Amino acid sequence: MCWVPPGETTWVAGRTLPGGMLYVGEGLRAAVKNVVEPALLDPGLPVAWGSPDWFGRDLDYWPSYAELTPESRAAYLRWLEAGRRHRDVSVGYAFLFFYGLERRVLVDLERDQAARAAEVPVIRAEVARLRELFGSDRSFNGYATEFLELLDAVELQDTRPFTLPAPPVEGGHPSVRLRMGLGRMAREARPVPADWALAWVLSHPTYAARTVVSRCPDEFARLFALRFDDRHPDGFRLQPTEPDLTFVYRPASSGFQGLFRMACAGTPDVFDQPLPLRRLKGLAEECAEALDPFSRLVGRDPGLRHSLAGTALLPPELIDLESGPAATFVDWARSRLGGFPMSTVPVADWLAWVEEERPTKKSVIALAQILEHAGIGLEPDPRFGGPVPQAGSILLFHAEERLEATPSQAYQAAMLLMHLGGAVSAADGHVAVEEKQLLTSHLEQALGLTAGERRRLRAHLRWLLTTEIKLSGLSRRVQGMDHGQREHVADFLAAVAAADGRIDPAEAAALRRIAKLLELAPGEMDRRLQAATAGAAPAAEPVVVRPGRPDPGHAVPPPPPEQPRADGTAALTLDPAVLAARVAEAAEVAALLGSVFADEEPAATPAAKQATPAAVDDKPVTGLDMPHSRLVHELAAQEQLPRSAWEDLAAAHRVLPDGALDRINEAAFEVAGEPAVEGEDPLEINHDALGAML
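Residues numbered from 1 in each chain as written. Predicted model: local features only at pLDDT ≥ 70, side-chain atom pairs only at ≥ 80, totals over all residues. Heavy atoms only, no water.

**Here we look at helix α6 (residues 194-203)**
Then, number 1: Among the ten residues of α6, nine are classified as buried, and the element is accordingly described as predominantly covered.
Then, number 2: When we look at burial in α6, the residues that qualify are Ala194, Trp196, Ala197, Leu198, Ala199, Trp200, Val201, Leu202 and Ser203.
Then, number 3: Those residues of α6 that are buried are in contact with α5 (176-187), α7 (211-215), α8 (217-231) and α9 (274-300). (Buried < 20%, exposed > 50% of the residue type's maximum accessible area, 1.4 Å probe, protein only. Helix = DSSP H or I, 4+ residues; strand = E, 2+ residues; numbered from the N terminus. Contact = heavy atoms within 4.5 Å.)

Structural data, given as structure tokens:
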């Protein structure tokens with residue numbers, strides 16, 4: 001009896017059998033039963049070479065070479081002679097060869113560590129090859145897969161040091177390689193790499209992966225790795241406090257009885273440790289949430305994965321400004337800026353980058369978000385109250401810091417006053433330097449804007465002065481002011497008009513239109529103009545104050561003695577009158593901002609009044625939480641919905657309008673294969689999709 005090592009050749013019944021990995025001889029007992037080893041090739045048994053049983057008609061469920069018919073032995077030996085390459089034979093012959101590999105690993109190599117290190121990789125490769133040939137047989141595929149995992153555990157036990165890459169995640173099943181690797185890392189006090197951490201959480205049965213994980217696997221893995229390394233710069237380490245790993249394998253060979261257990265002494269089973277799992281699940285959920293907008297876009301149109309719109313929806317860590325369409329777009333913007341702080345660009349050039357026939361708010365915001373990551377701002381920007389550019393020009397400027405997605409109350413106040421002041425200043429067809437300075441410096445200083453807001457405000461003013469400034473659309477903001485606040489705004493605008501020392505008739509006409517918008521009395525603005533220009537008209541020629549003659553002058557008085565503080569440093573002297581005036585001015589501005597430019601309550605619309613959150617059906621819709629489910633119930637009663645009414649409905653249910661549309665359409669695609677809401681303004685309701693959702 002003997003084992004033929006891998007790669008060697010043997011002869012049985014006059015046939016040459018290449019490749020080795022066979023038991024050849026007589027009398028070899030099975031692993032645990034008092035029978036002949038099923039895989040043993042006995043050269044003395046008869047073989048019917050003239051009628052081989054290729055399809056295994058005479059094979060038992062658990063075949064044994066000693067019990068095969070001569071016809072079956074002929075087919076098996078000829079299959080071995082051909083290098084075990086053919087799949088058009090009975091899978092029983094593959095099992096018979098497989099029995100010998102099981103015995104070699106589970107019995108013989110347990111006592112021979114040197115042979116185990118040399119042979120296990122070769123045996124593993126052969127089992128993987130046979131699984132490719134006979135994997136369509138469910139039984140053989142199952143035994144081969146479990147045996148490969150056991151071989152992984154054997155290899156990992158002998159690996160010094162442990163440097164294997166993370167195993168792939170297959171169907172949420174924790175592989176032996178994964179469990180063994182995590183245990184080895186805990187035992188050796190080595191940090192868990194990001195790819196192993198991701199494989200761990202995705203393989204754990206208690207983690208329910210969201211759609212984004214399967215729809216955007218590469219983006220999800222990259223984001224997880226980046227944030228994992230950022231959270232754990234010193235490594236993610238496990239405590240080896242659990243019991244040792246034990247792997248259980250049920251052999252296919254009838255030469256075994258029951259289960260085979262392999263204990264990994266000194267390697268803890270950390271796969272179910274609760275604390276690290278809780279942290280990794282939280283990180284995975286965070287990454288899935290960050291990628292959710294991108295995933296919904298790809299779900300609606302897979303072709304947009306590498307588009308500018310898709311790039312804009314990626315988390316900041318994944319946006320690549322060095323290659324692809326985003327890099328080309330950013331290079332174009334930088335070339336238009338040149339070395340200047342700001343640059344005006346024709347809208348036609350800008351629209352060439354919009355990936356739609358007509359620019360929409362979403363498409364413009366997508367481009368603005370990409371530029372923002374490159375430190376470039378856009379005006380007008382729909383995120384900060386600007387319109388969607390259709391004609392004329394836009395303005396690009398260097399934005400050194402990113403602003404919040406929602407503009408602050410102070411910035412909204414500055415934008416309104418800038419708009420009104422710009423309309424007055426440009427009414428005469430010429431904007432004086434003094435008017436520009438008053439518009440910018442007063443607003444920047446009085447409203448306490450940040451550096452980024454001041455930079456954007458100056459860019460917005462420059463854009464305003466290059467386009468036709470309209471007063472339409474401001475009435476809703478003005479309606480929130482009381483009479484005193486409107487007078488305060490009127491005083492400021494009169495000062496803007498008089499900043500260059502004269503009032504042009506066109507400016508006066510613009511001020512009167514604004515006075516009407518502010519609902520002030522017809523003569524109120526004229527009175528303010530007179531007050532603003534009284535004594536302010538510049539002289540046409542130099543004015544003689546006194547004739548020039550030598551003046552002996554006066555001696556410079558010595559500085560007053562400094563009053564030392566208790567700590568020995570000099571005391572500062574403040575002018576009480578100036579300080580009181582500044583405090584009063586700040587209080588007046590703060591009161592104006594707090595009441596005039598506070599967030600407005602959403603105006604009630606007919607659609608919103610028909611169904612309030614309290615009156616809507618509370619039945620959940622598959623794939624949606626309760627706020628979005630209630631919105632679906634409300635949409636079912638509509639045929640069309642104006643965009644403003646939809647925004648009010650979304651505000652009433654405390655969700656974001658665009659995000660809610662994406663969530664609802666995502667759920668509709670899962671159920672009905674089509675969106676539930678289409679169009680921009682008005683929104684078109686698809687009742688077929690809604691019916692399927694409900």
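Once you've had a look at it, read on.
**Considering the packing of helix α2 (residues 91-106) against helix α3 (residues 113-134)**
Then, number 1: For the pair α2 and α3, the least separation of the axes is 11 Å and the interaxial angle reads 160 degrees. The pairing of α2 with α3 is recorded here as roughly antiparallel in orientation. Classified by chirality, the crossing of α3 by α2 is left-handed. Here Val91, Ala94, Phe97, Phe98, Leu101, Arg104 and Val105 of α2 come into contact with α3, specifically with Ala115, Glu119, Ile123, Glu126, Val127, Leu130 and Phe134.
Then, number 2: Of the residues in the contact of α2 with α3, the class split is eleven nonpolar, no polar and three charged. (Axes fitted to C-alpha atoms, helices over the stretch in contact; angles between N-to-C directions. Parallel < 35°, antiparallel > 145°, perpendicular 65-115°, else oblique. Left-handed = near helix turned anticlockwise from the far one by under 90°. Nonpolar A, V, L, I, M, F, W, Y, C, P; charged D, E, K, R; others polar.)

**Quick word on the sheet that holds strand β4 (residues 22-24)**
Then, number 1: Strand order in the open sheet made by the three strands is β1-β4-β5, with mixed pairing throughout. Looking along the sheet, the strands with just one partner apiece sit at the ends: β1 (2-4) and β5 (40-41).
Then, number 2: As judged from the two bridges shared by β4 and β5, these two strands associate in the parallel manner. Across the sheet, the residue bridging to Val24 is Leu41, located in β5. (Pairing = 2+ DSSP bridges.)

**Section: helix α16 (residues 451-465)**
Then, number 1: Counted at 1.5 Å a residue, the expected span for α16 with its 15 residues is 21 Å, and the 21 Å between its end C-alpha atoms agrees.
Then, number 2: Taken as a whole, α16 has its buried residues at Gly452, Glu453, Arg455, Arg456, Leu457, Ala459, His460, Leu461, Trp463 and Leu464. (Expected span 1.5 Å × (residues − 1).)

**A short note on the sheet that holds strand β12 (residues 677-678)**
The pairing of strands in a sheet comes from backbone hydrogen bonds and takes either a parallel or an antiparallel form.
Then, number 1: If you walk across this open sheet you meet the three strands as β11-β13-β12, and the pairing is antiparallel. Among the strands making up the open sheet, the edge pair consists of β11 (640-641) and β12.
Then, number 2: By the bridge criterion, two bridges tie β12 to strand β13 (residues 683-685) in an arrangement that is antiparallel. Among the inter-strand pairings, Glu678 is bridged to a residue of β13, identified as Glu684.

**Quick word on the packing of aromatic side chains**
Then, number 1: The full count for this structure, using the stated rule, is 20 aromatic pairs.
Then, number 2: With 5.8 Å between their ring centres and 65 degrees between their planes, Phe98 and Phe140 make a pair best called edge-to-face. With a gap of 42 residues between them, Phe98 in helix α2 and Phe140 in helix α4 (residues 138-158) connect regions that are remote in the sequence.
Then, number 3: Between Phe224 and Phe228, the aromatic rings sit 6.0 Å apart at their centres with planes inclined by 15 degrees, giving stacked as the arrangement. Of this pair, Phe224 and Phe228 are both found in helix α8, four residues apart, which corresponds to roughly one turn of the helix.
Then, number 4: Using a relative accessible area of 0% as the deciding quantity, one classes Phe224 as buried. (Phe/Tyr/Trp six-rings, centres within 6.5 Å; stacked < 30°, edge-to-face > 60°.)

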